[in-house]
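Observations on the three-dimensional arrangement
Each chain is listed here by its residues.
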2 protein chains.
Amino acid sequence: MEVTVAEPQTDSMAAALENILTVSKNGPGLCPVRDILDRIGDKWSLLTILHLGRADNLRFNELRRHIEGISQRMLTVTLRSLETDGLITRTAYAEVPPRVEYRLTALGRSLLGAVVELGNWATAHAPAIAEARRAFGVE
Amino acid sequence: MEVTVAEPQTDSMAAALENILTVSKNGPGLCPVRDILDRIGDKWSLLTILHLGRADNLRFNELRRHIEGISQRMLTVTLRSLETDGLITRTAYAEVPPRVEYRLTALGRSLLGAVVELGNWATAHAPAIAEARRAFGVE
DNA sequence: CAGAATCCGGTATGATACTG
DNA sequence: CAGTATCATACCGGATTCTG
């Protein structure tokens, strides 16, 4: 089953843009998009979400192996952040050695669609960006 | 006209996840998602893209007025970054006083869909996140 | 295994002043 | 109007060490 990606460019998008950019509803000058990106726009959050989206449930060191290059500290920090935002749950089992499982909440899974679309765009257009940078570097 | 947002959760998403998370195609351990977020995941890029997506073409100080809180320096830096990535174009008119127009490239517009979806999610679920943080803060 | 605590450097961001 | 240049700083993230 195919998924129509982007490119509709209809006025539904214009309406969405209007809605999104209508700032300062909640806080003083706080745009939801800015607010969200302050949370998941860091170095590891989205990647963590993607991996949990694929595997449904992962342990601490499983995640660490999957997310190449992440430090122990940053995995901890990232997981705590996602947890306090209600995007993942942390389940610790009273065993020895300890076992802790992380998985997406319903809220977290609801984010997965947008993230996947962003990921699709990234994989599809990464070459174009690399090309643009090269062209600009020469100039 | 309605837009069906997320929630298909079909195996097309599973396939997309596999594809996105298949790391190390281009560089050494470079995931496209990480790569993209290193560029547009900063404090102002997405917001700039959204505003240019709405207005089609904006001048420097127009953007500055629209993007609440951005400093002159950061707007310059952000625009340069987006330009070298091939997401926007910069057109300077030899007039006095000078006039410079920024607009999305085709590449930039192709990103708009994913960004808008992320924005929709953000505006829709911002209350849920705020609620989660409050609940966690009490605990 | 799953972390906590500490130290530390680079960078992203901001404030300010100046220019063509 | 549309920047550039310089300085100051906050904080993100990595390396390391220690623990239940």
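Refer to the structure above for everything that follows.
Description of the structure in this document. It should be emphasised that the depicted structure is a prediction, and the values quoted were computed from it without experimental measurement.

What counts and how
- Residues numbered from 1 in each chain as written.
- Chains lettered and ligands numbered in written order.
- Predicted model: local features only at pLDDT ≥ 70, side-chain atom pairs only at ≥ 80, totals over all residues.
- Heavy atoms only, no water.
- Pairing = 2+ DSSP bridges.
- Helix = DSSP H or I, 4+ residues; strand = E, 2+ residues; numbered from the N terminus.
- Contact = heavy atoms within 4.5 Å.
- Axes fitted to C-alpha atoms, helices over the stretch in contact; angles between N-to-C directions.
- Phe/Tyr/Trp six-rings, centres within 6.5 Å; stacked < 30°, edge-to-face > 60°.
- Lys NZ or Arg CZ within 6 Å of the ring centre and 35° of its normal.
- Salt bridge = Lys/Arg side-chain N within 4 Å of Asp/Glu carboxyl O.
- Buried < 20%, exposed > 50% of the residue type's maximum accessible area, 1.4 Å probe, protein only.

1. Thoughts on the sheet that holds strand β1 (residues 58-59) of chain B
Residues and elements named next belong to chain B. Strand order in this open sheet of three strands is β1-β3-β2, and the pairing throughout is antiparallel. The two strands at the open ends of the sheet, each matched to only one other strand, are β1 and β2 (88-93). Sheet analysis places β2 next to strand β3 (residues 99-104), joined by six bridges and oriented antiparallel. Residue threonine 89 lies in a different strand from β3, and its bridge partner there is arginine 103. Each of β2 and β3 touches helix α5 (residues 72-84); the most contacted strand, β2, lies at about 115° to it.

2. A look at unusual backbone geometry
Outside of glycine, negative phi angles account for most residues, and trans bonds account for most peptide bonds. All names here are of chain A. Geometrically, the link from valine 96 to proline 97 is a cis peptide bond, its omega value of 5° lying close to zero. With respect to the helices and strands, proline 97 occurs in the loop between β2 (88-93) and β3 (99-104). Positive phi outside glycine occurs at aspartate 56, with the angle close to 70°. Looking at the element boundaries, aspartate 56 is found in the loop between α3 (45-55) and β1 (58-59).

3. Quick word on the packing of aromatic side chains
Where two aromatic rings form a pair, the distance of their centres and the angle of their planes describe that pair. With the rule as written, the count across this model stands at zero aromatic pairs over all chains. Directly above the ring of tryptophan 44 of chain A sits arginine 34 of chain B, whose terminal nitrogen or CZ lies 5.0 Å from the centroid.

4. What to know about the pattern of salt bridges
Per the stated rule, a full pass over the model turns up 20 salt bridges over all chains. Here aspartate 38 of chain B ties to arginine 34 of chain B by a salt bridge, and the two come within 2.8 Å at their closest N and O atoms. In this pair, aspartate 38 of chain B and arginine 34 of chain B are both assigned in helix α2 (residues 32-40), four residues apart and thus about one turn of the helix distant. The partner of glutamate 101 of chain B in a salt bridge is arginine 99 of chain B, and the shortest N-O contact between them spans 2.9 Å. When sorted by exposure, glutamate 101 of chain B lands in the same class as arginine 99 of chain B, which is buried. Each member of the salt-bridge network shares a partner with another, and the members are Asp56, Glu95, Arg99, Glu101 and Arg103 of chain A.

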